[in-house]
Amino acid sequence: MKRGWGIALFCICFCALFLVCALWRGLTLRFYRLETDKLTEDARLRLVLLTDLHSAVYGEGHRELLDLVLDQRPDAILLGGDIVDDVAPLENALSFFAALSRTGIPAYYVSGNHDRWRPDFEDVLEKIEGYGVTILEDGVLPLNTPWGQVNLCGLREYRTAEECAAALAAAFESLSPDAYNILLAHRPDYIDLYRQYPFDLVLSGHTHGGQVRIPLLVNGLFAPDQGWFPQYAGGLYEVGETSLVVSRGLSYYPRLPRVFDPPEVVVIDVEGTRKAAQS
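(A) Molecular detail of a nonpolar patch on the surface. Together, Ile214, Leu216 and Leu217 give the surface a local cluster of nonpolar side chains, amounting to about 410 Å² of exposed area. Among the structural elements, Ile214 can be located in the loop between strand S9 (201-204) and strand S10 (222-223). Exposure remark for Ile214: the relative accessible area of 41% places this residue in the partly exposed category.

Following this line, the structure appears as structure tokens:
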């Protein structure tokens, strides 16, 4: 009898621990390291990718999130869409941008679908820009580096693949393949369109990590615009000559819990391999 109670107690404790681990929603750091021969071997470019905040709040003044970001000492913070939400309070997102502006780190933003679902989105866009965040939509921003040419490119959210293809052609037809080209675009499912242009690195979100993961078995259960068992749920993918990094995002909904899929801050280190020219 005592043995039976012991087994039952063990099973209860095991299940409780399993649930705590499965439903844990504390912030996770995810690191990716990429190499390129387009930059000299002393190149060290650190980027932090934040996506899909959906107006969530991480502590007073978003300190929990921003302290974690600052600890990584990034050269730039890239905001890959759905930082704002169309339902959750706008003030939550604006307080994030206000706190972000005080970090002193350059920040760049593109829209996601939930951003653009807001009827007042154009006004919101002006407010975001007012906090010193660079709106990087359908454009190219050359970054001055001592290691070689780096172009930071951004693509706004487009509802259809046809609209996306037209925007890509208009904005990036003359993009130099000799530069290291980074594209910030919310949706990873358009990767076959992106890779028609000389982008070395594409940074996306949108998937929420597939919402449910089974470690070592299922990387994601369901993602918007990809459906069940999405091909690009979260992580680093090599698609032809293009590296695609998909963030699992920062949002959390108590009514739709993430399972083995905690919110994450993504850190990308780009390192050069080209020998510098001898003077």
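(B) Structural detail: the packing of aromatic side chains. This structure, assessed with the given rule, holds six aromatic pairs. Ring geometry for Phe96 against Phe97: centres 5.6 Å apart, planes inclined by 65 degrees, an arrangement best described as edge-to-face. For the pair shown, Phe96 and Phe97 are each scored as buried. Between Tyr232 and Tyr237 the ring centres are 5.1 Å apart and the planes differ by 90 degrees, which places this aromatic pair in the edge-to-face class. Residues Tyr232 and Tyr237 agree in their burial class; the two are buried. One aromatic cluster is present, built from ring pairs that chain together Phe96, Phe97 and Tyr109.

(C) Quick look at the side chain of Asp115. For Asp115, the position within the fold is in helix H4 (residues 113-116). One buried charged residue, Asp115, forms no salt bridge at all, with the nearest opposite charge on Arg116 at 7.5 Å. Sequence-distant contacts of Asp115, that is, excluding residues within four places in its chain, are made with Gly81, Asp82, Ile83, Val84, Tyr109 and Phe121.

(D) Up close: the pairing of strand S12 (residues 235-239). Burial of S12 is one-sided: the residues Gly235, Tyr237 and Val239 facing one way are buried, the residues Leu236 and Glu238 facing the other way are not. Both S12 and strand S13 (residues 242-246) contribute to a ladder of five bridges, which runs antiparallel. Along S13, the bridge assignment pairs Glu238 with Ser243.

(E) Summary view of the pattern of salt bridges. Tallied over the full model, the rule gives 15 salt bridges. Between Asp192 and Arg195 there is a salt bridge, with its nearest N and O atoms 4.0 Å apart. Residue classification places Arg195 among the partly exposed residues on the basis of a relative accessible area of 39%. Within the structure, one salt-bridge network assembled from shared partners comprises Glu157, Arg187, Asp189 and Asp225.

(F) Representation of unusual backbone geometry. The phi dihedral of Asp82 is positive, around 60 degrees, even though this residue is not glycine. Tracing the backbone shows Asp82 in the loop between strand S3 (76-80) and helix H3 (90-101). The phi dihedral of Phe229 falls on the positive side, at around 50 degrees, and the residue is not glycine. Mapping Phe229 onto the fold places it in the loop between strand S11 (227-228) and S12.

(G) Quick peek at helix H6 (residues 161-172). Taking 1.5 Å per residue as the helical rise, H6 with its twelve residues ought to reach 16 Å, and the 16 Å between its terminal C-alpha atoms agrees with that figure. Those residues of H6 that fall on the buried side of the exposure criterion are Cys164, Ala167, Leu168 and Phe172. Projected down its long axis, H6 shows its buried positions confined to an angular sector of 105 degrees, all on one face. Opposite the buried face of H6, by more than 90 degrees, sit the exposed residues Glu162 and Ala170. Its buried side turned inward, H6 meets strand S6 (139-143), strand S7 (150-155), strand S8 (180-185) and helix H7 (191-194).

About the criteria used
Residues numbered from 1 in each chain as written. Predicted model: local features only at pLDDT ≥ 70, side-chain atom pairs only at ≥ 80, totals over all residues. Heavy atoms only, no water. Patch = residues over 30% accessible without salt bridge, like charges linked within 9 Å, V, L, I, M, F, W, Y side chains within 5 Å. Areas by Shrake-Rupley, 256 points an atom, 1.4 Å probe, with all protein chains shown as cover. Salt bridge = Lys/Arg side-chain N within 4 Å of Asp/Glu carboxyl O. Helix = DSSP H or I, 4+ residues; strand = E, 2+ residues; numbered from the N terminus. Buried < 20%, exposed > 50% of the residue type's maximum accessible area, 1.4 Å probe, protein only. Phe/Tyr/Trp six-rings, centres within 6.5 Å; stacked < 30°, edge-to-face > 60°. Lys, Arg positive; Asp, Glu negative; His and termini not counted. Contact = heavy atoms within 4.5 Å. Pairing = 2+ DSSP bridges. Expected span 1.5 Å × (residues − 1). Arc of directions from axis to C-beta.

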